[in-house]
Structure formats: C-alpha cells, structure tokens
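Each chain is listed here by its residues.
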Amino acid sequence: MQVFKIFTTEKKNKSTLLNILGVQPLRTFIAYRLQSRKRVSLDIALPQNTKQMIDQNGYLKLDDFIDSNDFVDLKRDCKHAFENHPNRNIVNEISVNYVWVPITKERMVEYQSISKFLVSKQLEFITEFASYNQGQKLSTEDIELYLHRVWTSDGYKNEPNQMMHVDTFHSSTKGWIYLDDVGKDEGPLNYLPKSNCIDSWRLGFEYRSSILQKQCSGSWRIEDSEWKKKYGSQKEFIVKENTCVIADTIGFHRRGDAKQGIKRDSIFFSVRKSPF
C-alpha cells in the first residue's frame, strides 16, 4: 500500500487520494525539518561560511579544486578512460548522448591519478559537503563516482533535463569536477539560488505537482514563467577547467543550452540518502 511508502526515498506517492490529501508537501516539510535539525548537531569539518553558503544558496563553486600538477595527470587519465576503459557505458538517446565510466578502486587500478583522487583530501571535502547537506555522517564509500561525458546531437530539442526541475523531495547532492573549460556552448549547469529553501510557495508547488504531473517520476518540472516570478534569475556556471561545482538538487536546476556535437567532460559524483 502507498501509505506505507510515505516515509521512504520514493520520489512521489502514486496514490491520487493521498496526494489530494497533501502527503507530498507533508513529506517534503518533514524531510526538510529533519535534515535541517540534524545539520546543527553534526561534527563536520566545514568552515561556517561554507555551511551558510549551502544553507542559503544550495551550491558551492570551487576554483582550482585539485593541485595543478595532479590535475594535469588526472585529466590525461580520464580522457584515456573515456575512450578505452572496458567498463565504459555509451548511451545514445534522442537528443543526448553519454559516456559513463564507474569510478571504483577495483576498476581504476591502471590509472594512478584516478586512484590517487579516491584517497584525496578533495574527495574527503566532497564527502563532508554531502554529509552536512543531507544531515548525516557519510563516508567516501557512500559517494557514487563516474567519469561523465555528455553531448547533444540536435541542440537538446527533446531533452527533459533542459527544463528546470528538482531531483526529489529532500536534500540530495550532485557535483561535477570539470575537465575542460565550460562555456555557453557546452551545456553549463544552471541553478536557481535559494530554491533549496523550503517555504510555503515550495510546499504549494509540491502539492500541485503531485496532482498535475502524474506522468512525472517525482523530479518535478517547472515552467520558465513560474520560476522567474518566484526566483528572478538563474546562476549559470561558466567555469574554467578544474572547477568543482556541488549542488543540493532539491533546488531547481537544469543542463544549459549546448551546440551540437560539443562534449562536456567531468568527474561526476552523487549521493542520495533517506532523510527519515
């Protein structure tokens, strides 16, 4: 029964009756309060201004994330793995194409720089961010890591991730360490600052979406006119190589516009734990 799935990580409840009764904004509100309260008591080695940036805006941008000499080696090995790793997964959809390479100690033994990254202070920082963001102590093993290459074959004409959306109803973490400069043509991340904060408007949006977006998985989409009225403007991450961007994807975000055939390479990481 769907009533037993209210306090799980399922993105939405499939019961029309429960959604009419308001179960989606209820679980959103409870998750937000729980995670906010847990953050206060966590023993996390993050500067106070970093915590405030996460709480208030929902993202961090870190330039020159990896030591420059280490980055040269890391970029070289990642580029080689994109083309040659036996575990790479190539996905071709209508508007978007991907290469995914899972990053684990066992699968990256031949790549010294990637193996070094797996025990680095940078990965520890990412883990601390995710721990704070999700209100629970995590380890580096909780972080899902991939080499991620993405490009469009038609300018993203039929790509749902071009539309502003949330990932789920509670705080979760995604991030990218970019291996090349990312300009407007490479599909930069777009994020709505402060949209990670749950207020009465957002709870109303969750309620309406749970009823009206029946075909959606629970990663609700929002029209441009609606988010512009609420949030005003988006943050577009035009960045240099070796920049790390980390975001709380309870906030609205999208993949930016891109020109056909231009590839965007990164080390992608994510973690999504139950708030309950």
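Up top you'll find the structure we're talking about.
Rules used in this analysis
Residues numbered from 1 in each chain as written. Predicted model: local features only at pLDDT ≥ 70, side-chain atom pairs only at ≥ 80, totals over all residues. Heavy atoms only, no water. Pairing = 2+ DSSP bridges. Helix = DSSP H or I, 4+ residues; strand = E, 2+ residues; numbered from the N terminus. Axes fitted to C-alpha atoms, helices over the stretch in contact; angles between N-to-C directions. Contact = heavy atoms within 4.5 Å. Core = buried A, V, L, I, M, F, W, Y, C linked by side-chain atoms within 4.5 Å. Buried < 20%, exposed > 50% of the residue type's maximum accessible area, 1.4 Å probe, protein only. Salt bridge = Lys/Arg side-chain N within 4 Å of Asp/Glu carboxyl O.

## Quick look at the sheet that holds strand β5 (residues 173-178)
Sheet architecture is open: seven strands sit in the order β1-β8-β5-β10-β4-β3-β2, paired in antiparallel fashion. In this open sheet, the two edge strands, each paired with only one partner strand, are β1 (59-62) and β2 (89-92). Looking at each pair of strands side by side, their axes are set apart by 20° on average, direction ignored. Against the sheet, helix α4 (residues 68-84) engages β3 (96-102), β4 (144-152), β5 and β10 (264-271), with an angle of about 70° to β4.

## Some thoughts on the nonpolar core
Ranked by size, the top nonpolar core spans 37 residues in total, and within it Phe117, Ile126, Leu145, Ile177 and Ile267 carry the most contacts. For this core, the secondary structure elements donating two or more residues are α4, β3, α5 (112-117), α6 (121-134), β4, β8 (244-248) and β10. Contact partners of Ile126, with chain neighbours within four places excluded, come to Phe65, Phe117, Ile143, Ile177, Ile246 and Phe269. Grouped together as the second largest cluster of nonpolar side chains are 11 residues, Tyr59, Tyr178, Val245 and Phe268 included.

## Describing the pattern of salt bridges
Summed over all chains, the structure comprises 23 salt bridges. With a closest N to O distance of 2.6 Å, Asp180 and Lys79 form a salt bridge. On the criterion of sequence distance, the pair formed by Asp180 in the loop between β5 and β6 (189-191) and Lys79 in helix α4 is long-range, its members being 101 residues apart. A relative accessible area of 24% places Lys79 in the partly exposed class. Across the pair Glu159 and Arg255 runs a salt bridge, and its minimum N-O distance is 3.1 Å. Of the two residues, Glu159 sits in the loop between β4 and β5 while Arg255 sits in strand β9 (residues 253-255), which places them 96 residues apart along the sequence. Just as Glu159 is buried, Arg255 falls in that class too.

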